[in-house]
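Observations on the three-dimensional arrangement
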Amino acid sequence: MELVKKGFSVLVSIHSKLIHKYYQHLYRKRKLRIFFMGIGSLYLLRRLSQLAMALAPSIRRNMTARYGEESWAVVTGGSDGIGKEFCIQLAKQKFNIAIIGRNAKKMDQVCLELQGFGVQTKFVVADFNEGHTVEFYNKIYEQLEYLDISILVNNVGAAEAGQFEQTKMEDSLMMLRVNALSTLMMTRILISKLQNREKKSAVITVSSGLAYLPCPFVSVYSGTKAFTNYFTQSLALTSKKIDFLSATSLGVSTKMLGNRKGPNILETNEFVKNVINDLRQGKTHSFGCQRHKRFINHLLWRNQNFRNQAKIQIGHNLMNC
Ligand SMILES: NC(=O)c1ccc[n+]([C@@H]2O[C@H](COP(=O)([O-])OP(=O)(O)OC[C@H]3O[C@@H](n4cnc5c(N)ncnc54)[C@H](OP(=O)(O)O)[C@@H]3O)[C@@H](O)[C@H]2O)c1
């Protein structure tokens, strides 16, 4: 009898242990399911919000409402290429446009075109290659002082390619002044004005994908673009009144690229439209398009050897432009 009782109690304890284990298993399974469901719904939410942003422009910030009607956009290097396209797209959104460039005739022509959109225009003649003193930038400021400036587009840029030791020293200095110093100093002279407005303001810096993929043969250019990208993104971190955005695309079809066309080369209107849309979504960084974003991210994830070979190839291609 004792033996039967013992056997029975052993059976009961095994049974209860099994039941316990089974419930534990169910509990873990449930927890796991909840965990995965959580991740899944977060992913879905992210995708849905991206879709909503893409489909409904009204969800994005309204440019004139945010930055102020009839305020001014200052575009450096607005006489051609990407800068000219920024002027056109911002003028279409009823921003008055002030261009800063070196060629008065070209800027006059662009201003005439922009007036067709019913906005005011102005141009300031300045060769950024001569801009290495505070006086140079103060002179520019004097001509902009009386305008209600809401947007600064740091666009001006120039590129010279070649084996570094064979390049002209003047070219290296030129790229530092035109690409890097202009972005730093234009932001510096306008920052108080932009900050002290009632409405928000914006600073868009046209950097380059080479800020992430430093390439040989365009090493100085890559360096200047890394500077402008870091500079703009660091200011974005604490800025409350100014929306800073750095644009780091790869090829855009302009005279800088010998007006080349290709499946991976963006047209200026597509690039500028995407950058402005990213600004309207509150982003502080734009790759200019998904293709360039994917390409840059893909290379950044690859091993160093592969990445370096790709950078050398890109450097070669750019030198051939
Ligand atoms: N094209 C690309 O593939 C690409 C890709 C990524 C980033 N970016 C960047 O985008 C920006 C615009 O380049 P882009 O492709 O539009 O080049 P772009 O067609 O050559 O236009 C450059 C603009 O800058 C002006 N500029 C050049 N040097 C100047 C100087 N010393 N002083 C005053 N103005 C000067 C030019 O004036 P003029 O009309 O007098 O020449 C022109 O208006 C640059 O910062 C560039 O680095 C370009």
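Residues numbered from 1 in each chain as written. Predicted model: local features only at pLDDT ≥ 70, side-chain atom pairs only at ≥ 80, totals over all residues.

1. Overview of the overall build of the protein
Helix and strand counts for the protein stand at 10 helices and 7 strands. Counting only C-alpha atoms, the protein reaches 115 × 50 × 35 Å along its principal axes. Scored against the burial criterion, the 321 residues of the protein give a buried share of 34%. Considering only contacts in the protein between residues 6 or more positions apart, those separated by 24 or more positions represent 69%. (Helix = DSSP H or I, 4+ residues; strand = E, 2+ residues; numbered from the N terminus. Buried ≥ 20, exposed ≤ 12 C-beta atoms within 10 Å, placed from the backbone. Contact = placed C-beta atoms within 7 Å.)

2. Remarks on the packing of helix α3 (residues 81-92) against helix α8 (residues 268-280)
It is at 9 Å that the axes of α3 and α8 come closest, and there the two elements cross at 60 degrees. Classed by the angle they form, the pair α3 and α8 counts as oblique. The two elements α3 and α8 meet at a crossing, and its hand is right-handed. Where α3 approaches α8, its residues G81, I82, E85, F86 and Q89 are matched on the opposing element by T268, N269, F271, V272, K273 and I276. In terms of residue class, the contact of α3 with α8 is made up of 5 nonpolar, 4 polar and 2 charged. (Axes fitted to C-alpha atoms, helices over the stretch in contact; angles between N-to-C directions. Parallel < 35°, antiparallel > 145°, perpendicular 65-115°, else oblique. Left-handed = near helix turned anticlockwise from the far one by under 90°. Nonpolar A, V, L, I, M, F, W, Y, C, P; charged D, E, K, R; others polar.)

3. Examining the site of the ligand
Lining the immediate environment of the ligand, one finds 27 residues, of which G77, G81, G157, T254 and M256 sit closest. It is α3 that provides the largest number of residues to the shell around the ligand, a total of 3 residues. (Near = placed C-beta within 6 Å.)

4. Observations regarding the nonpolar core
Nonpolar side chains in soluble globular proteins tend to end up buried together. With 65 residues, the main nonpolar core has A73, V74, C87, I97, I99, L152 and I204 as its most contacted residues. Take this core: its biggest share by element is 7 residues, from helix α6 (residues 169-195). The residues contacting V74, other than those within four sequence positions of it, are A98, I100, L144, I149, L152 and V153. (Core = buried A, V, L, I, M, F, W, Y, C linked by C-beta atoms within 7 Å.)

5. Description of helix α1 (residues 2-55)
Over its 54 residues, α1 runs 77 Å from end to end, which matches the ideal 80 Å to within 8%, given 1.5 Å per residue. Judged by how many residues are buried, α1 sits mostly at the surface: 0 of 54 residues are covered. (Expected span 1.5 Å × (residues − 1).)

6. Regarding the domain arrangement of the protein
Considered domain by domain, the protein is made up of domain 1 (1-48) and domain 2 (63-320). The C-alpha-based centres of domain 1 and domain 2 are spaced at 59 Å. (Domains from an automatic or database assignment.)

7. Details of the environment of R60
As for its position among the elements, R60 is in the loop between α1 and α2 (63-67). Taking the number of C-beta atoms within 10 Å as the measure of exposure, R60 has 18 and is therefore partly exposed. For the pair R60 and N277, spaced 217 residues apart in sequence, the C-alpha to C-alpha distance is 7.7 Å.

8. Quick notes on the pairing of strand β1 (residues 72-76)
When you tally the buried positions in β1, you get 5 out of 5 residues, the bulk of the element. Residues W72, V74 and T76 of β1 are buried on one face, and the alternating residues A73 and V75, pointing to the opposite face, are buried as well. Two elements, β1 and strand β2 (residues 96-101), share 5 bridges in a ladder whose sense is parallel. Opposite V74, over in β2, you have A98 as the bridge partner. The parallel pair β1 and β2 is bridged by α3, and the resulting crossover is right-handed. For β1 and strand β4 (residues 149-154), the ladder comprises 4 bridges, and the chain directions are parallel. Paired with V74 across the bridge in β4 is L152. (Pairing = 2+ DSSP bridges. Right-handed = clockwise from strand over helix to strand, strands pointing away.)

9. Concerning the pairing of β2
As a general feature of sheets, a regular strand has side chains that alternate between the two faces. Taken across its 6 residues, β2 has 6 buried, putting it largely inside the fold. Of the two faces of β2, both are covered, the one formed by N96, A98 and I100 as well as the one formed by I97, I99 and G101. Looking at chain direction, β2 and strand β3 (residues 121-125) are connected through 5 bridges and run parallel. Looking at β3, one finds that G101 is bridged to V125. Running through helix α4 (residues 104-115), the crossover from β2 to the neighbouring parallel element β3 is right-handed.

10. Here's the deal with the packing of α6 against helix α7 (residues 219-236)
For any two helices packed against each other, one specifies the inter-axial angle together with the distance between the axes. Interaxial distance between α6 and α7 falls to 9 Å at its minimum, and their mutual angle equals 10 degrees. Classified by the interaxial angle, the pair formed by α6 and α7 is roughly parallel. Contacts from S172, M175, L176, N179, A180, T183 and L184 in α6 reach V220, Y221, T224, K225, F227, T228 and F231 in α7.

11. Here we look at the sheet that holds strand β6 (residues 242-247)
Sheet architecture is open: 7 strands sit in the order β3-β2-β1-β4-β5-β6-β7, paired in parallel fashion. The open sheet has two edge strands with one neighbour each: β3 and β7 (285-286). Sheet strands in contact with α3 are β1, β2, β4 and β5 (201-206), and its direction is about 170 degrees off that of β1.

12. A short note on unusual backbone geometry
You will see that E70, though not glycine, has its phi angle at about 60 degrees, which is positive. Along the chain, E70 falls in the loop between α2 and β1. Overall, the presence of 12 C-beta atoms within 10 Å leaves E70 in the exposed class. The backbone of K94 sits at a positive phi, close to 70 degrees, despite the residue not being glycine. For K94, the location among the structural elements is in the loop between α3 and β2.

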